[in-house]
Amino acid sequence: MILQEKKSEIQNSGQQLLFVTGIGTEIGKTVCSAILTKYFNADYWKPVQSGDLDFSDSMKIKNWTGEDTICHPETYRFHLAASPHQSAKEEGIEINLNQFKIPETQNNLIIEGAGGLMVPLNDSDFIIDLIQKLNIPVVLIVKNYLGCINHTLLSIMALHQRKIKLKYLILNGNFPADTEKIIIKNIHQKTKIIKIPHLNEITKEQIGVATKQLEKL
């Protein structure tokens with residue numbers, strides 16, 4: 001009930017809150033999050049950081065979008081670069097879904113998950129459970145590879161079953177026409193398609209160029 005009231009307040013204020021997830025790992029969630037953070041002039045929040053603590057996703061976002069970007073502290077930070085439930089267990093910790101609270105901010109907010117929807121946080125909760133708890137719309141990142149259609153449609157199906165709104169679907173990089181056609185055909189007509197070109201190198205300048213190329217969202 002409290003989450004529903006908070007969501008209503010956010011909608012009335014026009015504040016944009018989005019949860020960025022993907023159809024798998026290494027498909028460009030952080031790069032796309034940087035572009036969205038810059039486009040919406042938003043804050044950034046990574047609820048769980050597993051590994052790469054010396055150059056975390058929050059650090060990458062600041063590096064790519066500018067030092068003025070507000071990156072809210074992670075709820076959990078682990079040294080092992082693995083699934084969050086495994087990283088947590090390695091340090092004798094169990095991730096508790098009730099510990100996650102949306103950061104207080106008047107700005108737009110981009111939230112980046114770990115891996116895909118069914119990445120486990122503990123023995124019973126997954127990233128999709130965190131999204132459902134936070135009760136905000138999703139941005140689904142898709143990258144072209146053999147099997148991406150299957151993974152995309154399964155992700156869309158999972159969101160639909162949980163009644164989670166898929167607000168944006170990002171086609172990250174180049175796609176064969178037939179692959180793109182099948183994916184677009186199987187999403188809700190209210191879901192907006194965003195196309196982000198392949199970046200040869202990830203720099204602040206290239207993130208800026210990609211952001212300027214986005215159509216009005």
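About the cut-offs
- Residues numbered from 1 in each chain as written.
- Predicted model: local features only at pLDDT ≥ 70, side-chain atom pairs only at ≥ 80, totals over all residues.
- Heavy atoms only, no water.
- Phe/Tyr/Trp six-rings, centres within 6.5 Å; stacked < 30°, edge-to-face > 60°.
- Helix = DSSP H or I, 4+ residues; strand = E, 2+ residues; numbered from the N terminus.
- Buried < 20%, exposed > 50% of the residue type's maximum accessible area, 1.4 Å probe, protein only.
- Core = buried A, V, L, I, M, F, W, Y, C linked by side-chain atoms within 4.5 Å.
- Axes fitted to C-alpha atoms, helices over the stretch in contact; angles between N-to-C directions.
- Left-handed = near helix turned anticlockwise from the far one by under 90°.
- Contact = heavy atoms within 4.5 Å.
- Nonpolar A, V, L, I, M, F, W, Y, C, P; charged D, E, K, R; others polar.

Chemist: Tell me about the packing of aromatic side chains, and name the residues and values.
Modeler: As enumerated under the stated definition, the model contains 4 aromatic pairs in all. Where Phe40 meets Tyr168, the ring centres are 6.5 Å apart and the plane angle is 45 degrees; that geometry is what we call tilted. In this pair, Phe40 is assigned in the loop between helix H2 (29-39) and strand E2 (43-45) and Tyr168 in strand E8 (residues 166-172), connecting sequence segments 128 residues apart. Here Phe40 and Tyr168 have matching classes, each one buried. Residues Tyr76 and Phe78 carry aromatic rings whose centres are separated by 5.9 Å and whose planes lie at 15 degrees to one another, so their mutual orientation is stacked.

Chemist: Quick one: what's the story with the nonpolar core, residue by residue and with numbers?
Modeler: Membership of the largest hydrophobic core comes to 38 residues, with the highest contact counts inside it found for Phe19, Phe100, Leu134, Val142 and Leu169. When contributions to this core are tallied by element, the ones reaching two or more residues are strand E1 (17-22), strand E5 (76-78), strand E6 (109-116), helix H5 (127-134), strand E7 (138-143), helix H6 (148-161) and E8. Among the elements that take part in this core, H5 stands out by supplying 5 residues, more than any other. One finds Ile27, Phe40, Ile110 and Leu199 within the second-largest nonpolar core, a separate group that totals 25 residues.

Chemist: I'd like to hear about the packing of H2 against helix H8 (residues 204-213), residue by residue, with values.
Modeler: H8 packs onto H2 with a crossing angle of 65 degrees between their chain directions and a minimal axis gap of 9 Å. Regarding H2 and H8, the two cross each other, and that crossing is right-handed. Here Val31, Ala34, Ile35, Lys38 and Tyr39 of H2 lie close against H8, whose contacting residues are Ile207, Gly208, Ala210 and Thr211. Split by residue class, the contact of H2 with H8 holds 6 nonpolar, 2 polar and 1 charged.

Chemist: Before we move on, could you go through H5 and cite the residues and values that matter?
Modeler: Most of H5 sits out of view: 7 of its 8 residues are buried. Just beyond H5, the residue with positive phi is Asn135, at close to 60 degrees.

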